[in-house]
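Structural overview
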Amino acid sequence: VQLQASGGGLVQAGGSLRLSCAATGRTFSSTVMVWFRQAPGREREYVAGISRTGSSTYYADSVKGRFTISRDNAKSTAFLQMNSLKPEDTAVYYCAATSRLVGMTVTAPRNYDYWGQGTQVTVSS
């Protein structure tokens, strides 16, 4: 699976952005999709995950209620809708995938085999 993340940018606090992750290669619907983020000087952090069918989602406490992950298997694309953005959401956001897991609650990056190139999200105060 090859992943291409897009949609990042500069936004004021309280604003919204929608990230996309387009997949090519093997069957998209066989993979669990997740989003991570990494701020300068910090470790890569799990943000959200979605099951293969899209029926189940899981969020880090820091984004729960503000971010929504979704997927469109017909278009081989996953999304991360980010609302009520805060300066502390500033990071490079990465989409990732694996077909080795069934659930999407595994938060360690080493469990994901395929990674997008990252897209920068900057939230100004």
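Residues numbered from 1 in each chain as written. Predicted model: local features only at pLDDT ≥ 70, side-chain atom pairs only at ≥ 80, totals over all residues. Heavy atoms only, no water.

1. Examining the state of the cysteines
Applicable threshold: Two cysteine sulfurs form what is called a disulfide whenever their separation falls within 2.5 Å. Numbering goes from the N terminus for both helices and strands, where a helix is a DSSP run of H or I of at least four residues and a strand is a run of E of at least two. Only protein chains enter the accessibility calculation, which uses a 1.4 Å probe; a residue whose area is less than 20% of its type maximum is buried, one above 50% is exposed, and one in between is partly exposed.
As enumerated under the stated definition, the model contains one disulfide in all. A sulfur-sulfur separation of 2.1 Å characterises the disulfide bridge that pairs Cys21 with Cys95. On the sign convention where negative means left-handed, the S-S torsion of about 70 degrees between Cys21 and Cys95 marks this disulfide as right-handed. With a gap of 74 residues between them, Cys21 in strand β3 (residues 17-24) and Cys95 in strand β9 (residues 91-98) connect regions that are remote in the sequence. Here Cys21 and Cys95 have matching classes, each one buried.

2. Here we look at the pattern of salt bridges
Rules: By salt bridge we mean one thing: a side-chain nitrogen of Lys or Arg within 4 Å of a carboxyl oxygen of Asp or Glu.
Enumeration over the complete set of coordinates arrives at five salt bridges. Here Lys64 and Asp61 are joined by a salt bridge, their closest N and O atoms 3.1 Å apart. Here Lys64 falls in the partly exposed class, since its relative accessible area comes to 48%. Residue Asp61 is classed as exposed on the basis of its relative accessible area of 68%. When salt bridges that share partners are traced, they join Arg37, Glu45, Arg66 and Asp89 into one network.

3. Comments concerning the side chain of Thr98
The condition that has to hold: Any pair of nitrogen or oxygen atoms within 3.5 Å is treated as a polar contact; in protein, a donor-acceptor pairing is required on top of that, and neighbouring residues in sequence qualify only through side-chain atoms on both sides. Contact criterion: two residues are considered in contact whenever any of their non-hydrogen atoms come within 4.5 Å of each other.
With respect to the element layout, Thr98 can be found in strand β9. With a relative accessible area of 0%, Thr98 lands in the buried category. A polar atom in the side chain of Thr98 sits 2.8 Å from the side chain of Asp113. Beyond its immediate sequence surroundings of up to four residues, Thr98 is in contact with Ser30, Thr31, Val32, Asn111, Tyr112, Asp113 and Tyr114.

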